[in-house]
Amino acid sequence: MAREAAVERVEEIIETVESERMPVPVREVWVYGDVVLGVDPVPRVNVYVTKDLLFKDDPDREAEFRTSHGIEGVGKTVAAAWADDHPEYLRANSNGHAAPEKCLAAHLLRDDEPIHLEVCNTGFESNVTQRLQGAIAREDYTQILDPRGALLWADTEDGPVRSEEALAKLRDNEFVLPTLPRALEMLGMDESDAEAAAETVQQYRAEQNGATVRGDVV
């Protein structure tokens, strides 16, 4: 995706989060990796969404959606009012339960665009550390979350706030960030492991096609 188009799509995603009902409450929208680094064209646009778990919604409506869509958990894991508004975006996991990350991806992304969406109930920086520790423990570097990110939007106690400064830096390519190996070294990896991990991450990204999504609960 051309860099200018990539930045425009990120802004469209933020506008959608701001203006439309989401399947679960969204707290933050980040971008990370190539789009922050100023690469042009951008091989893949990486977006990170911090969400809240849905605890109180409308669980009495679960049976209705089970009958109409064959999906469990509407009104429990995703909002029933959102499913009323956007039944075309309702998605389930392999167990037949409504999957918040898949519902968000269906709502926010187009199937054929090179965008990866990460969805988690904890913030970007915290998840970067936890994912790195897990990847090292399992020796599976494909699960590393690129730590070079920028917070663009947050739902604060005073209401939704866009970081106009961060958006301006994104548009004007003004972020100054280290290479991926150096960023991983700064998080505690030794030099040789960081180089190997960065190569694995880049190869894994290159193998992805179209819109993709990953959901974490920490």
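Here's what I pulled together on the structure shown here. No experiment lies behind these values; they were computed from the predicted model shown. (Residues numbered from 1 in each chain as written. Predicted model: local features only at pLDDT ≥ 70, side-chain atom pairs only at ≥ 80, totals over all residues. Heavy atoms only, no water.)

1. A word on the overall build of the chain
Scanning the chain from N- to C-terminus turns up 9 helices and 6 strands. Over its C-alpha atoms the chain spans a radius of gyration of 18 Å, differing by no more than 12% from the 17 Å that the globule rule assigns to 218 residues. With respect to the principal axes defined by its C-alpha atoms, the chain has extents near 55 × 40 × 35 Å. Across the chain, every contact between residues at least 6 apart in sequence was considered, and the portion connecting residues at least 24 apart equals 65%. Working note: accessible area of the chain is about 10,800 Å², and carbon and sulfur atoms make up 45% of it. The averaged location of the 44 negative side-chain charges in the chain is 3 Å from the averaged location of its 22 positive side-chain charges. (Helix = DSSP H or I, 4+ residues; strand = E, 2+ residues; numbered from the N terminus. Rg over C-alpha atoms; globule rule 2.2 N^0.38 Å. Contact = heavy atoms within 4.5 Å. Areas by Shrake-Rupley, 256 points an atom, 1.4 Å probe, with all protein chains shown as cover. Lys, Arg positive; Asp, Glu negative; His and termini not counted. Charge placed at Lys NZ, Arg CZ, Asp CG, Glu CD.)

2. What to know about the packing of aromatic side chains
Using the criterion set out here, one finds 3 aromatic pairs in the structure. Each ring, one from Trp-30 and one from Phe-124, has its centre 4.8 Å from the other, and the planes form 25 degrees; the classification is stacked. One end of the pair, Trp-30, is in strand S1 (residues 26-32); the other, Phe-124, is in helix H6 (residues 124-138), with 94 residues separating them in the sequence. Its relative accessible area of 8% is what places Trp-30 among the buried residues. In this structure Phe-124 comes out as buried when scored by relative accessible area, which is 1%. Through a chain of ring-to-ring contacts, the aromatic side chains of Trp-30, Tyr-32, Tyr-48 and Phe-124 assemble into a single cluster. (Phe/Tyr/Trp six-rings, centres within 6.5 Å; stacked < 30°, edge-to-face > 60°. Buried < 20%, exposed > 50% of the residue type's maximum accessible area, 1.4 Å probe, protein only.)

3. Points about the nonpolar core
Of all hydrophobic cores here, the largest spans 42 residues; its most connected members are Val-31, Val-47, Val-74, Leu-90, Leu-104 and Leu-152. Among the elements that take part in this core, helix H1 (residues 3-19) stands out by supplying 6 residues, more than any other. In this structure, Tyr-141, Leu-180, Ala-198 and Val-201 belong to the second largest nonpolar core, which totals 11 residues. (Core = buried A, V, L, I, M, F, W, Y, C linked by side-chain atoms within 4.5 Å.)

4. Points about helix H5 (residues 100-108)
Of all 9 residues that make up H5, 8 are buried, and the element is covered over most of its length. In this structure, the buried side of H5 is in contact with H1, S1, strand S2 (45-51), helix H4 (80-85), strand S3 (115-120) and strand S6 (212-216).

5. Description of the environment of His-116
Here His-116 lies in strand S3. His-116 gets classed as buried once you look at its relative accessible area, which sits at 14%. Not counting the four nearest positions on each side in its chain, His-116 is found in contact with Tyr-32, Arg-44, Val-45, Asn-46, Val-47, Thr-212, Val-213 and Arg-214. A distance of 2.9 Å separates the side chain of His-116 from the side chain of Glu-118, its partner in a polar contact. A polar atom in the side chain of His-116 sits 2.7 Å from the side chain of Thr-212. (Polar contact = N/O pair within 3.5 Å; in protein donor to acceptor, adjacent residues only side chain to side chain.)

6. A closer look at the state of the cysteines
Put plainly, two cysteines are in a disulfide when a covalent bond ties their sulfur atoms together. Tallying each qualifying case throughout the model produces 0 disulfides. With no disulfide of its own, Cys-103 has Cys-120 as its nearest cysteine by sulfur position, at a separation of 17 Å. Residue Cys-103 is classed as buried on the basis of its relative accessible area, which comes to 0%. (Disulfide = S-S within 2.5 Å.)

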